[in-house]
Structures are given as C-alpha cells and as structure tokens.
Amino acid sequence: MERVALVREAVKRLLDSGQVEGVLALRTVGPGSAPHLFHPGDSLDDLTLWPKYPLPKILDMLLAADPSVRLGMVARGCEERGLIEMAKRNQVDMNRIRLVYLACTAEERDECCCSWPYPSQIDVGDKVEGTADALVAEHERLSLAERTEFWKRQFARCIKCYGCRTVCPQCFCETCVLEDNLWVEAGVLAPPFPSYHLIRAYHTIGKCVGCMECENACPADIPLTVLYTLLRRDAEEMFGYVPGRSLEDLPPLAVETLWQTGH
Amino acid sequence: MTNSIPEFDETDCFLITGSNTTEAHPLVATHVLRAQRRGAKVIVVDPRRTQIARLADLYLRQRPGTDVAWLNGLMHVIIQEGMYDAEFVESRTEGFEELKAAVAEYTPERVEAITGIPAADLVTAARIYAQAGRAAILYTMGITQHTTGVDNVLSCANLAMLTGHIGRPGTGVNPLRGQNNVQGACDMGALPNVYPGYQPVTSEAVQAKFQEAWGYAPPLRAGLTVTEMTDAAYHGAVKALYIMAENPMVSDPDLNHVRAALERCDFLVVQDIFPTETAEFADVVLPGVSFAEKEGTFTNTERRIQRVRQAIPPLGDARPDWQIICGLAQRMVGMQPTREGRFAGWEYCSPAEIMAEAAALTPSYGGVTYERLEQGSLQWPVPTPDHPGTPYLHKDRFTRGLGRFTAVAYKEPAELPDEEYPFLLTTGRMMFHYHTGSMTRRSEKLEREVPEGYVEISPEDAGRLGLGKSARVRVISRRGTIETRAWITRRVPPGTVFIPFHFAEAAANLLTNPALDPIAKIPEYKVAAVRLERVA
Amino acid sequence: MEYRNVLTTCIYCGVGCGLYLQVLDGQVVGTWPAKGHPLNDGRLCVKGWYAHSFIHHPERLTTPLIRDQKGGPLRQASWEEALDRVAQRLMAIRETHGPDAIAFMASAKCTNEENYLLQKLARSIIGTHNVDHCARL
Ligand code: SF4
Ligand code: SF4
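What you see is a predicted model; the values in this text were computed from it and never measured.

Draft legend 1. Spatial organisation of the overall build of chain C. Broken down by element type, chain C carries 3 helices and 7 strands. N-terminal to C-terminal, the α/β element order of chain C is β-β-β-α-β-β-α-β-α-β. Scaling as 2.2 N^0.38, a compact globule of 137 residues should have a C-alpha radius of gyration of about 14 Å, whereas chain C reaches 20 Å, well beyond that. Projected onto its principal axes, the C-alpha positions of chain C cover 55 × 30 × 25 Å. Scored against the burial criterion, the 137 residues of chain C give a buried share of 73%. Relative to all contacts within chain C whose residues are 6 or more apart in sequence, the contacts with residues 24 or more apart total 30%. For chain C, the accessible area works out to roughly 3,700 Å², and carbon and sulfur atoms hold 49% of it. In chain C, which carries 15 positive and 13 negative side-chain charges, the distance between the mean positions of the two groups comes to 6 Å.

Below you can see the structure in the form of structure tokens.
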C-alpha cells in the first residue's frame, strides 16, 4: 500500500480509538499542503504528507488553547525530537499527545539535508540513513576571518521578517529578546550584525533538532542551519547532549532542580 | 510589469531605480538577490542608500528628480559605444533617429553635473546593462512620483527598447506596484478615463458596449482623478464624495488642503474597517470587512490574478464590501426608471458571479473563472477559457505594433531647495508599515518595531543643526509643518531628508508638493523643499 | 476544537504572496507562508507574517454610523437606515447638481469584484466617470 494510505489508516485508527479529540496532520490544498486538525468521522482522503509545516509548534498552541484536550499528530523524526525538547521545557505534555510515527523518504531527507530522518519508532515508512550537509563541511574549511566575512555577507541580506523565529517550534519565550531594544535596535534593516543572529543562534543550543523550517522560511536564503548544526555538534562534543534523543537527558543549560520540579 | 517575478531567476542584470526593493517589495528582492548569487549583476540608482543599494554590485546616487538626465546619459553611452541592439531597433521600433539626437547632448560629464553620478560609474552601468544577455529594469514610485513621472517612465522604456531587453523572459520594464491590488483596481476600471480592461471612456464603440451591458453609460468625457476630486470638492463642483477603503487624509499631498475639501463636502460617505483619519469627516460610515471575512480576487504587480478566501464570518454587523455596494445600488436602482441590459441587474449571490460579469466585459479577463483560479493563479491577458495566461508581454510585437521611442529632455522638479527652504524632502515607504498605517499601526508587532514617524537626516546636516540621536525636530514646507524625530543616518546624502508617509501624527503629506505630472496627474511626492528646526 | 488553514493572498504590497490564515475556533490566530507558491514558496516578509494581527482589533468598525449634522457626533444606525440615507442623499445631489457633482474613490485594498461594482455603480447608476483610486499615491 502507498505510504500516504498507510498514514491515513493509522490516523483513522487513532481517531476511532477515542484516545484523542483530533489528529494534527497536513491536508492537500491546490498544489501544496496546509496543517489541519482532523476529527473522528472526517474524510481523510485529502490527508497528505508533504511539504511539511512546523506541526509541533501548532500542537503546542492547540494544547494551550484547551488544557483538557488530547490530540494526535503525524510526526516525522525531527518533529518527534522537537516535541521531546519542548516537553522538557514544559511546553507540551507528552501524556496528552499520541503520535503516528513516520519515517522520511530518501527524497525528503535530501531536501532537508537531514542527518536523522526517522523517529524513535516507525509506524509508517522505511528507515533511510541520514546524510551530511555539504555546506557544513565547506564552511569548516574556511578560516575564522573568512567565516566572519561569510556571515557578514549573508546577514546583510536579512530583512528582519522574524520568520526564522516565528516558525521555530523551539522559540516559545513569552517576550523575545530579538524584540528587546536593549539587545537589538528596532526598525533597522538589516538588523545589527551580529547581535540579532547570534542571539538567535545561541538560543537554539540544546534545542534545535534540525527540522529546517527556519531556513526554508528565510526570504534572504541565509543558510541558517549551518550555524545551528555547528552549534549542535559543539554541544554534543562538550556536553554529550543530543537534542531530542530522549526525554530523560538533561539539557546542558538547564538548572537541575528547576528541571526536576518542572516534571 | 511586462514580465513575471519568477522569471527574474533567469535575469543577468537588474537595473533597479527608485525602488527600496527589500523593504517595499521584499519577495521581489528575494528573487533578485538569488539571481545575484548565481552571477547576475545588480545596479541600483537611488538617492537613498537603502539595503538593496548596499547589496548592489554598482550603486549610483543621483540627485532626486534628475532621472531623465541619467537615463539619457546611459543611452548616450550605449549608442556612442555601439552597444545597442541594432536588429531589434530596426525591426521592432520607430523614432530611433529622434532619440539619438535627443540623447546626444547627455554626455557622461554633463550628466555628472546634473545628477551628481560620477561619469565613470555611468559608463560602467551602461556597459553592464547593455551587454547583459537578459536585463530587467525595476522601478517604483521613485520614478513615477514626479512632475516628470511620465518622462521618466518613457525614458525607461526607451532604454529597454534600445537594448532589446524587452519581450523575452527575464527582461522588460517592470514597475512594481506598491499596493496589493492597485493593478486589479486599474484593471477593473476604477479609473476616470477607462472602463474595465482599459477601454477608453472617450470611445463611442466602448460607450455603446457598456450602454448595452448596463443599460446606461455616461457621456464621452473622462472624469476626475483622486487629486482633482479633492480640488473640485474644495471649489464646490463636487458636492458628494464616496470613499471606499482609502484614507486621503494621510495619503494625499498637501493635507491641509484635503481637510478643507472634506469639510466643504455636502455629503461624505466612508466605507472602511477602521475609524480612519478620513472617517472623522464622514456623514455616514459603512463598516466593511477585512480580507479574512470575504471572498474575492486580487491582481498583483505582474498581472497575476489570485484568490482571496473567507476564513471567518464578518465581525459584528460589518458586511463584505461587495454586499454593501449591492445593497446601495439596489436602493438607487429602485429610485430610477428601469434600465435594460444584459448586466443591468445587481442580484449577485457571490463574488464569483461578479467576476463572471466583469470577465464578460473585460477582454483581458475573458477566460478568468473561479473554477480555474481554484487550480492556481492566472496572469492576464487570458482572453478565453482555454488560454493559459501570459507571463510576459510584447513577445513578438508591442501593443501598438512598433515600439515608439519618445525623445525626452531633462526638466527640473517643480520646487527645489532655496535659501528659505534649504533641504530637499523626499518621501516613501518602509518595511514595517504600509500606506496610511490603518492596518499595520494596529498590528502590535509592527507598531512595536517603529512606533512613530521620523525624518532621515545625514550626520553632516544633523551636526550643523545641532541634532543629537532621536532629537525632536520641526520640518516646515510652504504648505505645512510637522514635528517628528531625527534619525541620523548615511542612507540620505547631505542636503536631502526622507520621511516615510505612514504616520498620521507626523504626516509627510502635510509638507509635500501637490504639483502634478501633466499627463499622469501624479503628485511630486519625491521632491519638495523644506526647512528643519530643532525643537527645544 | 476546530483548527484549519485558509489559503489566501497577502494584503500589503503588490507582490501578492500566498499565505494561509490559521483559524482556531473562529478566530484568526496566525499566518503560514504558502509553500510551493510561485512567488514566495514558503517565505513572507514581516508584514505578511503579521497580516492577521489587525483583524480582531478592538477598534474595528462593526456597525454603520450616521452623523446627523455637520460637526455633530456619529451615532450607531441600522444598515437599513444607513443605506437609505446614502441612497437618498446621493440621488438628491444628482438631481440638483448633476451626476458629476458626485465622485467615488475606489480602493487598491479592495478586491477586483468590489472595484468593478463601485465603478459600475458610479457609471451606470449615478452616470459619472468620477471614479478613481490612489494608484498614483
Ligand atoms: S528568516 Fe531570514 S530574513 Fe527573516 S529574520 Fe530570519 S534570517 Fe532574517
Ligand atoms: S508578505 Fe511581504 S512581500 Fe509578500 S505580499 Fe505581503 S507585504 Fe509583500
């Protein structure tokens, strides 16, 4: 059976089980797709899988809108890992979520240059191995001065759409530092280098799971994930921490007591 | 636009002028800069060193209002160095000899004296543009909002035809329209001189066509433009104004004059979603709805017709604007003798039915239906139901057959700085607000970013006036005075100041000069003379 | 709980980016850029990202308003009364001063259909070509 048909079946089973009020997935719209909350009894014929949207971010909003609701979601590897990091920071309650686990295809993996294109368990799809981002390797060959020059040139194109921040499932601060005049002078284009972009980059440490949503949303085509991938690798080397690997791992920047009482 | 935005991915050279592209048309800038990374050259000619100017391969800073001079200068160099497309000029155009004669005197040195653009840079720009495989001109209001606006546009067209950079993908003369549906409003005949589809009101055949369709069509005489309407209201010739979702009390030049005109109107109707500055003068206010509460279509700057879809029901008692007009029309029709015509009725069930009628009367929209738009957008002309639409115009011939060169001479702006008003004021848009601000200034995030107006002033001038960072400053022109905040920046050269027009409380248009281009009737928003005073 | 996305077109600049309005239980709560759209393919500028944020603003006009005399206050009115008032006043002015004493400003922010209707009303009912919008501004 086709992959999408298998997902529809799995979603239908989950909806019929009565465990959730709805399942968050994608719906076909014209040539594209859009996030949609499917309910029991809904036709699932237009449920689709690609292009993906940041579903964990939407799930967070829906769970917050109604503290009693339980929801399902079709989750790729990055989306499951994203939810895990969000759960650690009390953004989502895993007990209120049921996932349909989906492994990405080789084409989908290549589009995201994804190093980890499968979830912790697989309901639908076949596991394909991850790939390395060629841009990251290229970047590593640059000297420090060349790197500064490279990012200066990239960030000069930034039009401060805040899209990278707004799509990011891991950006959930009530007040965003990027909107604090103390750190980033408001109204200026391109935003001041390097504060705007480095603040965001540091905020991804220990959280960014490489879902690619920011880079795909960037109207300036800035290879943001190169920066975040390097930071992720550093965090792993220094602290042995891999975002999204498990609910139990303690984030490197968390204070232990806070973290424990939070659960 | 003659061409389409996605085609820019194939363009080799962009000549961008009078366009703050990354701020006013951000997603066009995306395509331009993508092409640049692929090797395309970007030339920006603008008095302000905007973000796109800083990102350009070549940036030329002209004195505001001198566009005909540098455009003629480019053509002078191109003809001198034999870089024009002789075959295109021969087979597709007429009037070349006149053009050649007219640009002969615009030597780079003379152009430098008029515009301030270094002669060598002008020559470099001419070579890059002329020798590119596919070159596109992009411009916006920086070209049109002058008393010489039409001359400026004609000069851009001359340049494109001279080099054969038109009628192929990725080339063309591409005015980027500022507002989301300004193209569509023009297409639909919201203009005083044409019916839908640019069918002239002065043509008897066209009049007969609409007489037959609607049961009545007015005499063969063009009506008033927006600026003329306010004038006529001021002088008493216009007694009633009906304003749908426009805000002349912020957007029009010389606001003190607009205010007096609105006050003198016998009857003013404002249809809008917010209590705008203009609604303060209204006798009747009719609540329309936002784009989230109605169905319809918009036509973008590249003639692309796209759907607007209803997401939520109208708020409160508000009504979709099309229903308001229908309700009004039905009442007025009832007060008149019956009119016979295929489309004389006003009983529409949906915007899809309105589009069906508009399409039947608008040749370039002839093949547009909501069913087709479900499958994606369409670019007009789409004359028939099986026509695929037209991504770029003038492929094998111009609308009038041969393209005509129009020789144009440089003329000075209507008002230039003098002793009393020593600064040149230019106005425009910025990233975080839109037009008169009635929507963006009610958007928390956008308003946080830039909560008040400002005047951009060079560090040199700020120093002379004793202005520190964010100092309060009074800006005075022959028509009015505003108080605002100084933004000291190298974006503007010494002698020039810039004010965005989105802020009603420090409205740039209290200062602007209502002098019009004689043909397009567009006001000279880009050049006025002002004086600055520090507020103690 | 109802959550859906409605594909529509940005209302700000002339580019016309495709975007989704996110609707949660009858409220527009956000936008998403439309992936695969020929112009913006998953991107928006900051105005597009916040194109939803004025929709539920408390200052929205939600009922017709009438000013009974110049300089006086606006008061709430029914649609019946407001539309009757406009129709009668416009027709009276047309009667006394002729069709060209009335002028219409259409809008670059309204839809094609609405612009079509307003110019049709101006031309076929009032009988004037005094219809324009701020294309030049
Ligand atoms: S998405 Fe790109 S353009 Fe937008 S703020 Fe982030 S880096 Fe800047
Ligand atoms: S999102 Fe920005 S670039 Fe796109 S149409 Fe809206 S205002 Fe224009």
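Draft legend 2. A look at the domain arrangement of chain B. Domain boundaries in chain B define domain 1 (5-176), domain 2 (179-221 + 288-386), domain 3 (224-275) and domain 4 (423-534). Centre-to-centre separation of domain 2 of chain B and domain 4 of chain B, based on C-alpha positions: 36 Å.

Draft legend 3. Main features of the pattern of salt bridges. Per the counting criterion, the structure on display carries 58 salt bridges over all chains. A salt bridge links E140(A) to R233(A); the shortest N-O distance between them is 2.8 Å. Of this pair, E140(A) sits in helix α5 (residues 134-140) while R233(A) sits in helix α10 (residues 224-239); the two residues are 93 residues apart in sequence, bridging distant segments of the chain. Exposure remark for R233(A): the relative accessible area of 32% places this residue in the partly exposed category. Note that E452(B) is salt-bridged to R472(B), the shortest N-O span being 3.2 Å. Separated by 20 residues along the polypeptide, E452(B) in the loop between α19 (444-449) and β17 (454-457) and R472(B) in strand β18 (residues 472-476) bring together distant segments of the chain.

Draft legend 4. Expanded view of the site of ligand 1. Lining the immediate surroundings of ligand 1 are C158(A), I159(A), K160(A), C161(A), Y162(A), C164(A), Y196(A), H197(A), C218(A), P219(A) and I222(A). Classifying every residue of the shell around ligand 1 by side-chain character gives 9 nonpolar, 1 polar and 1 charged.

Draft legend 5. Local environment of the environment of S251(B). Residue and element names in this part refer to chain B. Take S251: it is sitting in helix α14 (residues 248-251). The buried category is assigned to S251, whose relative accessible area is 3%. Along the chain, S251 and G437 lie 186 residues apart, while their C-alpha atoms are 9.8 Å from each other.

Draft legend 6. Looking closely at the nonpolar core. Core analysis: the biggest nonpolar cluster contains 120 residues, and L24(A), L62(A), F14(B), L138(B), F291(B) and F54(C) have the highest contact counts within it. With 7 residues, α10(A) is the single largest residue contributor to this core. In terms of nonpolar packing, the next biggest core, distinct from the first, is built from 63 residues, A217(B), C326(B), L378(B) and A101(C) among them.

Draft legend 7. Region of the structure containing the interface of chain C and chain A. In this assembly, 22 residues from chain C lie in contact with 38 residues from chain A. Roughly 2,200 Å² of surface becomes buried between chain C and chain A when both sides are summed, with 64% attributable to carbon and sulfur atoms. At the boundary of chain C with chain A, the tally comes to 2 salt bridges. We note a salt bridge from D221(A) to R43(C), for which the minimum N-O separation is 3.2 Å. Elements represented by at least two residues in the side of chain C that touches chain A include exactly β1 (3-9), β2 (18-24), β3 (27-33) and α1 (46-49) of chain C. Of the residues forming the side of chain C that touches chain A, the biggest block, 4 residues, is contributed by β1(C). Here the side of chain C that touches chain A is built from residues that sort into 14 nonpolar, 3 polar and 5 charged.

Draft legend 8. Expanded view of the domain arrangement of chain C. Assigned domains within chain C: domain 1 (3-49) and domain 2 (89-137). On a C-alpha basis, the centres of domain 1 of chain C and domain 2 of chain C stand 31 Å from each other.

Draft legend 9. Inspection of the sheet that holds strand β10 (residues 267-272) of chain B at higher detail. Strand order in this open sheet of 7 strands is β5(C)-β4(C)-β11(B)-β10(B)-β9(B)-β6(C)-β7(C), and the pairing throughout is mixed. Whereas interior strands pair on both sides, the edge strands pair on one side only; in this sheet they are β5 (74-76) and β7 (131-132) of chain C. Pairing of strand β4 (residues 65-67) of chain C with β5(C) involves 3 bridges; the strand directions are antiparallel. In the strand pairing of β5(C), L65(C) is matched with Q76(C).

Draft legend 10. The arrangement of the site of ligand 2 in detail. Every residue near ligand 2 is listed here: P26(B), L27(B), C10(C), Y12(C), C13(C), G16(C), C17(C), L44(C), C45(C), K47(C) and G48(C). The residues that come close to ligand 2 belong to more than one chain, namely chains B and C. Within the residue set of the shell around ligand 2, elements represented by two or more residues are α2 (26-37) of chain B together with α1 of chain C. Partitioned by chemical class, the residues of the shell around ligand 2 number 8 nonpolar, 2 polar and 1 charged.

Draft legend 11. Highlighting helix α8 (residues 119-131) of chain B. Residue and element names in this part refer to chain B. Here α8 spans 18 Å end to end across 13 residues, near enough to the 18 Å set by a 1.5 Å rise per residue. A119, L122, V123, A125, A126, Y129 and A130 are the residues of α8 that are buried. Buried residues of α8, viewed axially, fall in a sector of 160°; they line one side. Exposed and facing more than 90 degrees away from the buried side of α8 are A120 and Q131.

Draft legend 12. Structural view of the interface of chain B and chain C. Contacts between the two partners involve 148 residues from chain B, matched on the other side by 97 residues from chain C. A per-residue breakdown of the area chain B buries against chain C is headed by L27(B), F291(B) and R331(B), which together make up 7% of the total. Scanning the region where chain B abuts chain C turns up 8 salt bridges. For E357(B), the salt bridge identified is with K120(C), shortest N-O distance 3.0 Å. Run the count over chain B and chain C and you get 67 residue pairs in polar contact (both at pLDDT 80 or more).

Draft legend 13. Region of the structure containing the pairing of strand β1 (residues 22-29) of chain A. All names here are of chain A. Here β1 lies mainly inside the structure; 6 of its 8 residues are buried. Summarising the sheet, β1 and strand β4 (residues 71-75) pair through 3 bridges and their orientation is parallel. If you follow G22 over to β4, its bridge partner there is L71. Judged from the 7 bridges that link them, β1 and strand β2 (residues 32-38) form a sheet pairing that is antiparallel. The residue bridging L26 from the neighbouring strand is P35, located in β2. In textbook terms, the turn of a hairpin is the stretch between consecutive antiparallel strands, and for β1 and β2 this stretch comprises 2 residues, one of which, G30, has a positive phi near 55°. With 2 bridges connecting them, β1 and strand β3 (residues 47-48) associate as antiparallel partners. If you follow L26 over to β3, its bridge partner there is T48.

Draft legend 14. Region of the structure containing unusual backbone geometry. With an omega dihedral of -5°, the bond running from W50(A) to P51(A) counts as a cis peptide bond. Tracing the sequence through the fold places P51(A) in the loop between β3 and α2 (55-65). For the peptide bond that leads from F193(A) to P194(A), omega is -5°, which places it in the cis range. With respect to the secondary-structure elements, P194(A) resides in the loop between α7 (163-167) and α8 (195-203). Unusually for a residue other than glycine, Y198(B) sits at a positive phi of about 60°. Using a relative accessible area of 33% as the deciding quantity, one classes Y198(B) as partly exposed. Here D25(C), not a glycine, exhibits a phi torsion of approximately 45°, which is positive. One can find D25(C) in the loop between β2 and β3.

About the thresholds
- Residues numbered from 1 in each chain as written.
- Chains lettered and ligands numbered in written order.
- Predicted model: local features only at pLDDT ≥ 70, side-chain atom pairs only at ≥ 80, totals over all residues.
- Heavy atoms only, no water.
- Helix = DSSP H or I, 4+ residues; strand = E, 2+ residues; numbered from the N terminus.
- Rg over C-alpha atoms; globule rule 2.2 N^0.38 Å.
- Buried < 20%, exposed > 50% of the residue type's maximum accessible area, 1.4 Å probe, protein only.
- Contact = heavy atoms within 4.5 Å.
- Areas by Shrake-Rupley, 256 points an atom, 1.4 Å probe, with all protein chains shown as cover.
- Lys, Arg positive; Asp, Glu negative; His and termini not counted.
- Charge placed at Lys NZ, Arg CZ, Asp CG, Glu CD.
- Domains from an automatic or database assignment.
- Salt bridge = Lys/Arg side-chain N within 4 Å of Asp/Glu carboxyl O.
- Near = heavy atom within 4 Å.
- Nonpolar A, V, L, I, M, F, W, Y, C, P; charged D, E, K, R; others polar.
- Core = buried A, V, L, I, M, F, W, Y, C linked by side-chain atoms within 4.5 Å.
- Buried area = accessible area lost by both parts, 1.4 Å probe.
- Pairing = 2+ DSSP bridges.
- Expected span 1.5 Å × (residues − 1).
- Arc of directions from axis to C-beta.
- Polar contact = N/O pair within 3.5 Å; in protein donor to acceptor, adjacent residues only side chain to side chain.

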